[in-house]
Amino acid sequence: MYHDVTMAGFGGQGILLIGNLLAEAALAEGLHVTYLPSYGVEMRGGSANCTVVISDQEIGSPAVGSPRALLVMSRPALSRFQASVKPGGLLIVNTSLIEPAEVERRDVELLAYPLNQIALELSHQRLANMVALGLYLGRTRVVGLESIEHGFAELLSEKNRVFIPQNVAAIQKGMALAAEAGGKS
Amino acid sequence: MKKKLVKGNEALAQAAIEAGCRFYFGYPITPQNDIPEYLAREFPKLGGTFLQAESEIGSINMVLGASAAGMRAMTSSSGPGISLMQEGLSYLAGSEIPAVVVNVQRSGPGLGGISPSQGDYFQATRGGGHGDYRTPVLAPASVQEMWDLTFLAFDLADRYRNPVVILADAMLGQMKEPLEMRKPELPPLPAKDWILEGCQGRDKRLLKSLYLGEGELEKHCWRLWAKYEEIKKKEVRCEAYRIEDAELVVVAFGSPARIAKGAIMEAREQGLKVGLLRPITLYPYPEKELADLADQGKTFLVTELNVGQMVEDVRMAAGRRAEVHFYGRPPGAGSLPSPEDILHEIRETYPAR
Amino acid sequence: MSETAEKLLNPRPESLVDIPTHFCPGCHHGIVHRLVAEAIDHFGLREKAIGVACVGCSVFLYNYLNTDVVEAPHGRAPAVATGLRRALPDRLIYTYQGDGDLAAIGTSEIIHAANRGEPITVVFVNNTTYGMTGGQMAPTTLLGQKTTTSPYGRDFHQAGYPIKMAEFLAPLEGVAFSARGAVDRVANLKRTRKLIFRAFEVQVQRLGFGFVEVLSACPTNWGMTPIEAAKRVEEEMIPYFPLGIFKERKEADHL
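Every value quoted in this text rests on a predicted model; they were computed, and no experiment measured them.

Novice: Tell me about the overall build of chain A, and please be specific about residues and values.
Specialist: A count of helical and extended segments in chain A gives six helices and six strands. Each helix and strand of chain A, ordered N terminal to C terminal, gives the series β-α-β-β-β-α-β-β-α-α-α-α. Relative to the globule expectation of 16 Å for 185 residues, the C-alpha radius of gyration of chain A, 15 Å, shows essentially globular dimensions. With the principal axes as the frame, chain A shows a C-alpha extent of 40 × 40 × 40 Å. Going through the 185 residues of chain A one by one, you find that 54% of them count as buried. Accessible surface, chain A: about 8,200 Å² in total, of which carbon and sulfur atoms supply 51%. Positive and negative side-chain charges of chain A, numbering 14 and 17 respectively, have mean locations separated by a distance of 5 Å.

Pasting the structure below:
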């Protein structure tokens, strides 16, 4: 079993949070995992991306040139990374902020949803990242939802844990969309 | 033991605490600020001293002072700051005062950039400052090693009364991996019978590097040489991964060794007999291990995040017996090679049979 | 000159090693060493004292002072002393630095150690030249003074003005005591002895950073006899580098 995913967007979209969550969940399931964030000089509004590798074997490289999955939340993220996805891989696109026509890849499985709107309908558009993570989990089944919930407990401080249920609901929404899309789940 | 997902820089900082270090002196520089920030938060709770110095020159000399008093002391920085510390490192080595200096490498020359780099290999492994001295150099390649090698660094520094460099890079500092917070079993250390704490009940002591008397400095340098020879004999560490049947051996340290390992796993799936020799100590260097592999007729591919530094040590160790190829990338945003890039080089240099 | 001092200040302090001096005839380092040793004896702290030697003639402090000593890189003694101070909070920590060391290459270290109010004592020996390297221009070299690197005399257009460290450091909040003395004649020596004692006392009392500058002669590099050199201190140095106390804090609760 081997999975890797690059997640990208701009700072403030919670890209690094869902990458961390996925990594914590993988650790909770006893898997090997690496989490590699981008970092830059300290500025607001810059790009944010991270790569998570999960395997039941020792992991070689935490850096991945051609990820098996790419999750993009913003236009610049799509243009920077879309060429890198492995042919036959998975591409998750946030059409709230990206014109579907900008997706050039035809050799990948595409899950394109207006994630901000979906999140807004649920409760708050800040949960768009969670819906995206749900799509990835629903499609790949790389870790279970319970492990993600465990990840929240690891990452969030006591006072922020009250938000866990609505975050989980957003992830579940994404998983449900992936199932409707007819993934191999 | 339960593992925790931890960032490399923070693993190193916590390991320093566990190793008994209570004195940190440093100056901010990307990409290692997690280390001083972590210790600035944790040391006050433990009665430790965190002090932000006026410069890296100040930092290394404060380390010298605290360490002269027998304390485990450290500093951390990156390229430009490490350059400023070279004077202090030379004095520490000459005066035989232990210290742990962490270089989370960023790219140079000059201000360069903040992306991962291995451009400081020569500086670290050749002593770096003026004079005829060396420092053990430890090169972690995982978050677990950021932890484990920090214990080793303090141990070696005290054992040999010499500064020890941990040569990490921005990728190792920023990435997270599961970490087992284990305490290594290390052999007992010699008593610190040289420290300065006031001369109550004994003769005064002096820690110095100035030797002006006829023959004094030569004798001192020979004694240091003997110490480095002992270090070379006892402290070489490296990881050999699938090299027994390998036709091609990739030689890499730090982050590129991880990327290469990913490439090697892929190459093996494609039926190529490729292995990895990863130096964990860059000084002392695993010369014998490389020479043995050269004797076995293996071909080498050296990969580094620079335009060719460690490759010189591989060529020296392998002599004329082996073919040594080099694939390097100068550091900079977007120049980190991917496993695919290295796999391509593996295919290009794989010996035809 | 120094023979007069011997009669006045007998017997040899315990903090001074009983060996012949190697300093040039008429050099004031030996006198200042003795005053430092007397101060350490006065507070009964020889066995708790750690000195930091710097680079230049003053490095040889480590042969003469009967306390633990560590050698610092050029100019870095205040940083080394900071590390020692933090590691050994109850010890007596002192540095002994020359003018090139403290007022040129080590300005960053001295300013920040002073500003942090490190409870250490800094003895600064100002002889307006680089003695050990053969008489080059120092940051404290007087205007018009000829040295091997200012052969036509120091010119402020070219090399700026001699720096007055005792006045310069005094306004920093961390500084508890800053003063300047000289040892060219007995009256000055007696006053300087008190200044050095006080620079140690503010450390003992944990009032902050203690600094004392001592104007000294370097007959060899000045090209003078010892007597001429002592006279130069009086006639040329003191008019530019006035003697006195520029800061003295009596209470710890100053902030």
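There's plenty left to go through after this.
Novice: Could you give an account of the overall build of chain B, naming the residues involved and the relevant values?
Specialist: Counting its regular elements, chain B contains twelve helices and 15 strands. Against the compact-globule benchmark of 20 Å for 353 residues, chain B has a radius of gyration of 20 Å, which places it among compact chains. Seen through its principal axes, chain B has C-alpha atoms that stretch 70 × 50 × 40 Å. The long-range fraction of contacts in chain B, counting pairs at least 24 apart against all pairs at least 6 apart in sequence, stands at 79%. Total accessible area on chain B stands at roughly 13,200 Å², and carbon and sulfur atoms take up 50% of it.

Novice: Describe the pairing of strand S5 (residues 90-94) of chain A, with residues and values.
Specialist: Residues and elements named next belong to chain A. Taking burial as the measure, the five residues of S5 include five buried ones, the bulk of the element. Of the two faces of S5, the one lined by Leu90, Ile92 and Asn94 and the one lined by Leu91 and Val93 are each fully buried. Here four bridges tie strand S4 (residues 69-72) to S5, and the two strands are oriented parallel to one another. For leucine 71, the partnering residue across the bridge sits in S5 and is isoleucine 92. With helix H2 (residues 75-81) bridging S4 and its parallel neighbour S5, the resulting β-α-β unit is right-handed. Relative to strand S6 (residues 109-113), S5 runs parallel, the two being bridged by five bridges. Residue pairing in the sheet places leucine 90 in a bridge with glutamate 109 of S6.

Novice: Describe the domain arrangement of chain B, and please don't skip the residues or the numbers.
Specialist: Residue and element names in this part refer to chain B. Taken domain by domain, chain B consists of domain 1 (4-182 + 224-234) and domain 2 (239-349). Taken over both partners, the interface formed by domain 1 and domain 2 buries close to 2,400 Å², and the fraction arising from carbon and sulfur atoms is 57%. Taken as a group, Gln118, Tyr121 and Phe122 account for 29% of the area that domain 1 buries against domain 2, more than any other trio of residues on that side. Inspection of the region where domain 1 meets domain 2 yields three salt bridges.

Novice: Describe the pattern of salt bridges, naming the residues involved and giving the relevant values.
Specialist: Residues and elements named next belong to chain C. Evaluated as defined, the whole model comprises 46 salt bridges over all chains. In this structure, arginine 185 and glutamate 234 form a salt bridge, with 3.0 Å as the shortest nitrogen-oxygen distance. Within this pair, whereas arginine 185 is found in the loop between strand S7 (175-182) and helix H9 (186-204), its partner glutamate 234 is found in helix H11 (residues 226-240), the two being separated by 49 residues in sequence. For glutamate 234, a relative accessible area of 29% puts it in the partly exposed group.

Novice: Would you mind going over the nonpolar core in detail, with residue names and values included?
Specialist: Residues Met74(B), Phe300(B), Ile346(B), Val70(C) and Leu84(C) are the most contacted members of the largest nonpolar core, which totals 140 residues. Here the element with the most residues in this core is helix H6 (residues 143-160) of chain B; it accounts for eleven residues. Shared between two domains, this core takes at least three residues from each, and those domains are domain 1 (4-182 + 224-234) and domain 2 (239-349) of chain B. The residues touching Phe300(B), leaving out its near neighbours within four places in the chain, are Leu248(B), Val249(B), Val251(B), Leu290(B), Leu293(B), Ala294(B), Val314(B), Ala318(B), Ala322(B), Glu323(B), Val324(B) and His325(B). Val5(A), Met7(A), Ala48(A) and Leu133(A) belong to the second-largest nonpolar core, a separate cluster that totals 50 residues.

Novice: How would you summarise the interface of chain A and chain B if you had to cite specific residues and measurements?
Specialist: Every contact between the two is made by 23 residues of chain A and, on the other side, 26 residues of chain B. Three residues, Leu27(A), Tyr39(A) and Glu58(A), lead the burial of chain A against chain B; their summed loss comes to 29% of the area buried on that side. Scanning the region where chain A abuts chain B turns up two salt bridges. Seen at the junction of chain A and chain B, the total is eight residue pairs in polar contact (both at pLDDT 80 or more). Counting only elements with at least two residues in the side of chain A that touches chain B, the list comes to helix H1 (15-28) and strand S2 (32-37) of chain A.

Novice: Quick rundown of the interface of chain C and chain B? Include the residues and the values.
Specialist: Taken together, the contact pairs 37 residues of chain C with 37 residues of chain B. When the two sides are added together, the surface that chain C and chain B hide from each other amounts to roughly 2,700 Å², 59% of it contributed by carbon and sulfur. The largest per-residue losses of area from chain C upon contact with chain B belong to Glu47(C), Asp68(C) and Glu71(C), which jointly make up 22% of the total buried on that side. In this structure, the connection of chain C to chain B is made through 16 residue pairs in polar contact (both at pLDDT 80 or more).

Novice: Talk me through the sheet that holds strand S2 (residues 23-26) of chain B; I want residue IDs and the actual numbers.
Specialist: Residues and elements named next belong to chain B. Read from one edge of the open sheet, seven strands run S3-S2-S4-S5-S7-S6-S13, paired in mixed fashion. Of all the strands in the sheet, just strand S3 (49-52) and strand S13 (281-283) have a single pairing partner and so form its edges. Bridge count for strand S6 (residues 137-138) against strand S7 (residues 163-169) is two bridges, and the pairing is parallel. Bridge assignment links leucine 138 to a residue of S7, and that residue is isoleucine 166. Strand contacts of helix H4 (residues 79-95): strand S4 (73-77), strand S5 (99-105) and S7, with the helix running at about 160° to S5, the strand carrying the most contacts. Across the face of the sheet, H6 comes into contact with S4, S5, S6 and S7 while running at roughly 160° to S7.

Novice: I'd like a rundown of the packing of aromatic side chains, residues and numbers included.
Specialist: Under the criterion given, the structure shown has eleven aromatic pairs over all chains. Relative to Phe241(C), the ring of Tyr240(C) has its centre 5.0 Å away and its plane inclined at 90°; by these criteria the two rings are edge-to-face. Judged by its relative accessible area of 24%, Tyr240(C) falls in the partly exposed class. Assessed through its relative accessible area of 0%, Phe241(C) is described here as buried. Each residue in the set Tyr121(B), Phe122(B) and Phe253(B) is aromatic and connected to the rest through ring pairs, giving one cluster. The positively charged end of Lys261(B) is found above the aromatic ring belonging to Tyr241(B), 4.8 Å away from the centroid.

Novice: Summarise helix H4 (residues 77-87) of chain C; cite the residues concerned and give the values.
Specialist: Most of H4(C) sits inside the fold, with ten of its eleven residues counted as buried. All of the buried residues along H4(C) are Ala77(C), Pro78(C), Ala79(C), Val80(C), Ala81(C), Thr82(C), Gly83(C), Leu84(C), Arg85(C) and Ala87(C).

Novice: Which residues make up empty space enclosed by the protein, and what values go with them?
Specialist: All names here are of chain B. With the rule as written, the count across this model stands at two cavities of 30 Å³ or more. Volume-wise, the largest cavity comes out at about 70 Å³. With three residues, H4 is the largest single contributor of residues to the lining of the largest cavity. There is about 50 Å³ of room inside the second largest cavity. The wall of the second largest cavity is formed by Ser67, Met71, Arg72, Ala73, Pro98, Ala99, Val100, Phe154, Ala157 and Asp158. Every element with two or more residues in the lining of the second largest cavity is listed here: S5 and H6. Ranked by residue count, the leading element in the lining of the second largest cavity is H6, at three residues. A breakdown of the residues in the lining of the second largest cavity according to their chemical character gives seven nonpolar, one polar and two charged.

Conventions and cut-offs
Residues numbered from 1 in each chain as written. Chains lettered and ligands numbered in written order. Predicted model: local features only at pLDDT ≥ 70, side-chain atom pairs only at ≥ 80, totals over all residues. Heavy atoms only, no water. Helix = DSSP H or I, 4+ residues; strand = E, 2+ residues; numbered from the N terminus. Rg over C-alpha atoms; globule rule 2.2 N^0.38 Å. Buried < 20%, exposed > 50% of the residue type's maximum accessible area, 1.4 Å probe, protein only. Areas by Shrake-Rupley, 256 points an atom, 1.4 Å probe, with all protein chains shown as cover. Lys, Arg positive; Asp, Glu negative; His and termini not counted. Charge placed at Lys NZ, Arg CZ, Asp CG, Glu CD. Contact = heavy atoms within 4.5 Å. Pairing = 2+ DSSP bridges. Right-handed = clockwise from strand over helix to strand, strands pointing away. Domains from an automatic or database assignment. Buried area = accessible area lost by both parts, 1.4 Å probe. Salt bridge = Lys/Arg side-chain N within 4 Å of Asp/Glu carboxyl O. Core = buried A, V, L, I, M, F, W, Y, C linked by side-chain atoms within 4.5 Å. Polar contact = N/O pair within 3.5 Å; in protein donor to acceptor, adjacent residues only side chain to side chain. Axes fitted to C-alpha atoms, helices over the stretch in contact; angles between N-to-C directions. Phe/Tyr/Trp six-rings, centres within 6.5 Å; stacked < 30°, edge-to-face > 60°. Lys NZ or Arg CZ within 6 Å of the ring centre and 35° of its normal. 1 Å grid on protein atoms, 1.4 Å probe; cavity = no way out; pocket = protein on both sides within 12 Å on 5 of 7 lines; lining within 4 Å. Points joined across faces, edges and corners; volume = space filled by probe spheres on them. Nonpolar A, V, L, I, M, F, W, Y, C, P; charged D, E, K, R; others polar.

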